[in-house]
Amino acid sequence: MRTSASAVLLLLTVPAWAATAAQNEAHEAGHPAEDRVPVEIAPAQQARMGIKTVRATMEPLSYDVRAPGVLKTDEGKETHFHTRVSGWIEEIHVDSIGKTVRKGEPLFDLYSPDLVTTQSEYVAALAIGEPGREVAEAALTRLRYFGVPEREIRLITKRRAPKRTITFESPISGYVVEKNAIRGLYVTPDVHLYHLADLARLWVLATLYEADLRIVGVGDRADVVLTYDPSHRHPGRVSFIYPDVDPQTRTGTARIEVDNPQGALKPGMYATVELSKSLGTQLTIPEDSVIDTGQRKLVFVRTSAAAFEPREIQTGPRVGRRFVVVAGVSAGEELVTGANFLLDAESKLRAAIDRGDAVGAGHGGAGHGAPPKQP
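Residues numbered from 1 in each chain as written. Predicted model: local features only at pLDDT ≥ 70, side-chain atom pairs only at ≥ 80, totals over all residues. Heavy atoms only, no water.

Enquirer: Could you clarify how one ought to interpret the overall build of the protein in this entry?
Expert: The secondary structure content of the protein amounts to 9 helices and 22 strands. Taking all 375 residues of the protein together, 41% fall into the buried category. Sequence-distant contacts in the protein: of pairs separated by 6 or more residues, those separated by 24 or more amount to 73%. For the protein, the computed accessible surface area is about 20200 Å², with 53% contributed by carbon and sulfur atoms. (Helix = DSSP H or I, 4+ residues; strand = E, 2+ residues; numbered from the N terminus. Buried < 20%, exposed > 50% of the residue type's maximum accessible area, 1.4 Å probe, protein only. Contact = heavy atoms within 4.5 Å. Areas by Shrake-Rupley, 256 points an atom, 1.4 Å probe, with all protein chains shown as cover.)

So this is what it looks like as C-alpha cells:
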C-alpha cells in the first residue's frame, strides 16, 4: 500500500515512539509480510488451536527504571590545596583524613622567608605613609598572590609588624580525602598537601541498560534510595549521560546530582536509583502478540471472524510486558496472542505453495488439493 505524503511528513518530523498522530496513521504505512499470506480458520477450529486475540489500545505510559548506583563526591566541588610559596610547615591544625572542615578554618602554619620579606616591605612602606603607598600596594598584592588569607593581612596591617608564620585556611567546607601535610615538612608549590571534598551535594553514578539509555535524559527527576533505608528517598536530577557503553556488560552510566544538607549520604555508599518518565499516550500491544524473526517483527491481525492477516510492524520502547507500536497496526485492531506461532507456520506454508516452491508443493500434496506427482 502506498504511503501517504502526510504519513511520511509525520514519521520524519515527530519522534517515533512519541507521535500519537503518526501512530494512528501508521497502518497506512504497514504492509503484509511478503513471505506469508493471510490464513482462514473456522471459528470452531480456532478454539481447538487455542487462538486468542486482544485489541491494540491507546494508553498513557510511563517508563520506570530501577538501577544500581554508587555515591561519589562531586568532582566540581573538590579542591587540591598547594602553597604558592616555599617554606616549612610548623603547625598542623587539620591532622587526619576524614576530618570535617569548614571554609576559613585553619589547615596549617607555614614559615616562609619569602613571606617574611614581603611582609617587612609592606609594613615598612606603611610606616612611611603617603610616599610609600605604591610600595605598600605592590607588597600587599604579592601577599595576595602568595595566597595569604585576608584575615592574616588584616592582622599584619593592624599590628604594623610581620608575622613569623602564616596560617593558611581551608578554601571550602567539606572533608579531608587526602592529607600529605606533615609538621616540619619543607614544601614547594608543586607539593600536594590536602585533597578536600565538599559533601553538600553528591553524585550518584547509576548503571543503566542500553534500552534505558534512549529513554532517560538530562534533567529527568530521580529518587535515590539507600539500600539500608528504603523508606527514605533523596530527590535528585540526571545531570549527565556518559557517552560510552561497556562492551562486556552492555550498560551505560547516568550521573544524578543529589543534595546532602544533613550529611546522611556518604561517598562510596550503594544506592538504588528509581526513575519514572512519562511517555504520553501511546499505541501499545502485548509482547506475546509479536513474532520476532531476528530481522523484523510480525503480528497476525484478525480481519474477519475467520481470517487473519500477517503484518510487519515497527516497535518503539518495550514498557513492562507491552510494546509501543510505531507503524503497522492501528488502535482497535485485534491481534493474535495465543497460537500465533501455529498461524505463522501455516501462513508460511501456504505462501510457499502459492509460489510453487518444491517444498511447498511436496508438503501440500493431497492436503491442499494438489495433484499427485506422476512417476
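Enquirer: In this structure, what is going on with the layout of surface pockets? I would like to understand it.
Expert: With a probe scaled to a water molecule rolled over the atoms, the places where space remains empty come into view. Approximately 260 Å³ is the volume found for the largest pocket. Lining the largest pocket are 14 residues, and of these Phe81, Gly147, Phe168, Glu169 and Pro171 lie nearest its centre. Mapped onto the lining of the largest pocket, the elements with two or more residues apiece are β5 (78–81) and β9 (165–169). Top contributing element to the lining of the largest pocket by residue count: β5, with 3 residues. (1 Å grid on protein atoms, 1.4 Å probe; cavity = no way out; pocket = protein on both sides within 12 Å on 5 of 7 lines; lining within 4 Å. Points joined across faces, edges and corners; volume = space filled by probe spheres on them.)

Enquirer: Before we go on, may I ask you to explain the nonpolar core in this structure?
Expert: Across soluble globular proteins, nonpolar side chains show a tendency to be buried alongside one another. Counting residues in hydrophobic clusters, the biggest one holds 30 residues, and the most contacted among them are Ile89, Phe108, Leu115 and Tyr194. Of all the secondary structure elements, the ones that give two or more residues to this core are β6 (87–92), β8 (106–111), α4 (113–128), α5 (133–145), α6 (150–159), β9 and β12 (194–197). Ignoring sequence-local partners within four residues, the contact set of leucine 115 consists of Val85, Leu143, Phe146, Val148, Ile166 and Phe168. If you look at the next biggest cluster of nonpolar residues, it comprises 26 residues, including Leu61, Tyr63, Leu202 and Ala222. (Core = buried A, V, L, I, M, F, W, Y, C linked by side-chain atoms within 4.5 Å.)

Enquirer: Is there a simple way to think about the side chain of threonine 251 in this case?
Expert: Here threonine 251 is to be found in strand β16 (residues 251–259). Within the structure, the side chain of threonine 251 is placed 2.7 Å from the side chain of threonine 249, a separation counted as a polar contact. If sequence neighbours within four positions are ignored, threonine 251 has contacts with Thr207, Leu208, Tyr209, Val245 and Asp246. (Polar contact = N/O pair within 3.5 Å; in protein donor to acceptor, adjacent residues only side chain to side chain.)

Enquirer: What should I look at first to understand α5 in this one?
Expert: Every α-helix carries 3.6 residues per turn, so stepping three or four residues along brings you back to the same face. Its 13 residues give α5 an end-to-end C-alpha distance of 18 Å, which sits within 8% of 18 Å, the value for a rise of 1.5 Å per residue. For α5, every residue scored as buried is listed here: Ala136, Ala139, Leu140 and Leu143. For α5, the angular spread of the buried residues around the axis is 100°, confining them to a single face. Opposite its buried face, α5 presents the exposed residues Glu134 and Tyr145, each directed more than 90 degrees away. (Expected span 1.5 Å × (residues − 1). Arc of directions from axis to C-beta.)

Enquirer: Looking at this structure, I do not really get the packing of α4 against α5. What am I missing?
Expert: The axes of two packed helices give the description: the angle between them and the distance between them. It is the contact of α4 with α5, at a shortest axis distance of 8 Å, that shows an interaxial angle of 150°. Here α4 is positioned roughly antiparallel relative to α5, judged by the angle of their axes. Considering only the axes of α4 and α5, their crossing is left-handed. Note on element contacts: α5 touches α4 through Val135, Ala136, Ala139, Leu140, Arg142 and Leu143, opposite Leu115, Thr118, Gln119, Glu121, Tyr122, Ala125 and Leu126. Residue classes in the contact of α4 with α5 are distributed as 9 nonpolar, 2 polar and 2 charged. (Axes fitted to C-alpha atoms, helices over the stretch in contact; angles between N-to-C directions. Parallel < 35°, antiparallel > 145°, perpendicular 65-115°, else oblique. Left-handed = near helix turned anticlockwise from the far one by under 90°. Nonpolar A, V, L, I, M, F, W, Y, C, P; charged D, E, K, R; others polar.)

Enquirer: Could you clarify how one ought to interpret the confidence of the model for the protein in this entry?
Expert: If pLDDT is low for a region, its predicted coordinates should not be looked at in detail. Per-residue confidence for the protein gives a mean pLDDT of 83; residues scoring 70 or more make up 86%. The model gives residues 1–29 a pLDDT under 50, and that stretch makes 43 contacts with residues more than four places away or in other chains. Note on residues 359–375: pLDDT is under 50 here. Beyond four places in sequence and across chains, it has 10 contacts. (pLDDT = per-residue confidence, 0-100.)

Enquirer: Can you help me understand the packing of aromatic side chains in this one?
Expert: We describe a pair of aromatic rings using the distance from one ring centre to the other and the angle between the two ring planes. This model, assessed by the stated rule, comprises 7 aromatic pairs. For the pair phenylalanine 81 and phenylalanine 168, a centre-to-centre distance of 6.5 Å together with 70° between the ring planes defines the contact as edge-to-face. Here phenylalanine 81 is found in strand β5, whereas its partner phenylalanine 168 is found in strand β9, with 87 residues between them in sequence. When its relative accessible area of 12% is taken as the criterion, phenylalanine 81 is described as buried. Summarising the aromatic geometry, the rings of phenylalanine 108 and phenylalanine 168 are spaced 5.5 Å apart at their centres and angled 20° between planes, so their arrangement reads as stacked. A residue pair is termed long-range when its members are at least 10 positions apart, and phenylalanine 108 in strand β8 and phenylalanine 168 in strand β9 qualify at 60 residues. Across this residue pair, the class does not change: phenylalanine 108 and phenylalanine 168 are buried. (Phe/Tyr/Trp six-rings, centres within 6.5 Å; stacked < 30°, edge-to-face > 60°.)

Enquirer: In this structure, what is going on with empty space enclosed by the protein? I would like to understand it.
Expert: This structure, assessed with the given rule, holds 1 cavity of 30 Å³ or more. The computed volume of the largest cavity comes to approximately 50 Å³. Elements represented by at least two residues in the lining of the largest cavity include exactly β4 (57–73), β13 (201–209), β16 and β17 (270–286). The residue inventory of the lining of the largest cavity, partitioned by class, reads 10 nonpolar, no polar and no charged.

Enquirer: Looking at this model, I keep getting lost on the side chain of glutamate 333. Mind explaining?
Expert: Take glutamate 333: it is sitting in the loop between β21 (322–327) and β22 (334–338). A polar contact of 2.9 Å, which involves the side chain of glutamate 333, links it to the side chain of arginine 311. A distance of 2.8 Å separates a polar atom in the side chain of glutamate 333 from the backbone nitrogen of serine 330.

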